[in-house]
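Residue-level listing of the chains:
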Amino acid sequence: MGAQILHLNRYAAKYEPESWFGSPDDLVNEVGLTLGEKLATLERWSSLVQRRLSSIDEGMTQDTAEPDDSEL
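What you see is a predicted model; the values in this text were computed from it and never measured.

Peer 1: How should the overall build of the protein chain be read in this particular structure?
Peer 2: From N to C terminus, the protein chain includes five helices and zero strands. When the 72 residues of the protein chain are sorted by exposure, 26% land in the buried category. Look at the contacts in the protein chain between residues 6 or more apart in sequence, and 36% of them connect residues 24 or more apart. Total accessible area on the protein chain is roughly 5,100 Å²; 51% of this is exposed by carbon and sulfur atoms.

Peer 1: Honestly, the pattern of salt bridges in this entry has me stumped. Any pointers?
Peer 2: Opposite charge on two side chains permits pairing when their charged atoms draw close. Going through the model one piece at a time under the given rule, you end up with three salt bridges. Between Lys 14 and Glu 37 there is a salt bridge, with the nearest N and O atoms lying 3.3 Å from each other. Taken together, the residues span a long stretch of sequence, with Lys 14 in helix α2 (residues 10–15) and Glu 37 in helix α5 (residues 35–57) at a distance of 23 residues. Each member of the pair, Lys 14 together with Glu 37, is buried. As a salt-bridge pair, Glu 18 and Arg 52 come within 2.5 Å of each other at their nearest N and O atoms. Placement of the pair is Glu 18 in helix α3 (residues 17–20) and Arg 52 in helix α5, with a sequence separation of 34 residues. Taking the relative accessible area as the measure of exposure, Glu 18 reaches 31% and is therefore partly exposed.

Peer 1: What's the story with the environment of Lys 14 in this structure? I'm lost.
Peer 2: In sequence terms Lys 14 and Lys 38 are 24 residues apart; their C-alpha atoms lie 7.7 Å from each other. If we skip the residues at most four places from it in the chain, Lys 14 touches Leu 33, Glu 37, Thr 41 and Arg 44. A polar contact of 3.3 Å, which involves the side chain of Lys 14, links it to the side chain of Glu 37.

Cut-offs and rules
Residues numbered from 1 in each chain as written. Predicted model: local features only at pLDDT ≥ 70, side-chain atom pairs only at ≥ 80, totals over all residues. Heavy atoms only, no water. Helix = DSSP H or I, 4+ residues; strand = E, 2+ residues; numbered from the N terminus. Buried < 20%, exposed > 50% of the residue type's maximum accessible area, 1.4 Å probe, protein only. Contact = heavy atoms within 4.5 Å. Areas by Shrake-Rupley, 256 points an atom, 1.4 Å probe, with all protein chains shown as cover. Salt bridge = Lys/Arg side-chain N within 4 Å of Asp/Glu carboxyl O. Polar contact = N/O pair within 3.5 Å; in protein donor to acceptor, adjacent residues only side chain to side chain.

Written out as C-alpha cells, the structure reads:
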C-alpha cells in the first residue's frame, strides 16, 4: 500500500483525474487520497465531462468530447 501512495502525484491526480484514473471507481479506490479529496475530485471530473457534453449540444465539434463521456 505504501508504494502506491508514493507514486501518486496528488496534485495531478486531483486536478487532472482523467489522466490518472481509468474510471471514477479507480479514483474512489485510491488509498492515497482522503475522502474529501476524492469527493472534490469526483465533482471536478463531473464538471469537466458536463462541460464537454454541453459544448457538443451547443454545436461545437465532437472532438472536444472524450469517447466515454456519456458513460461517465
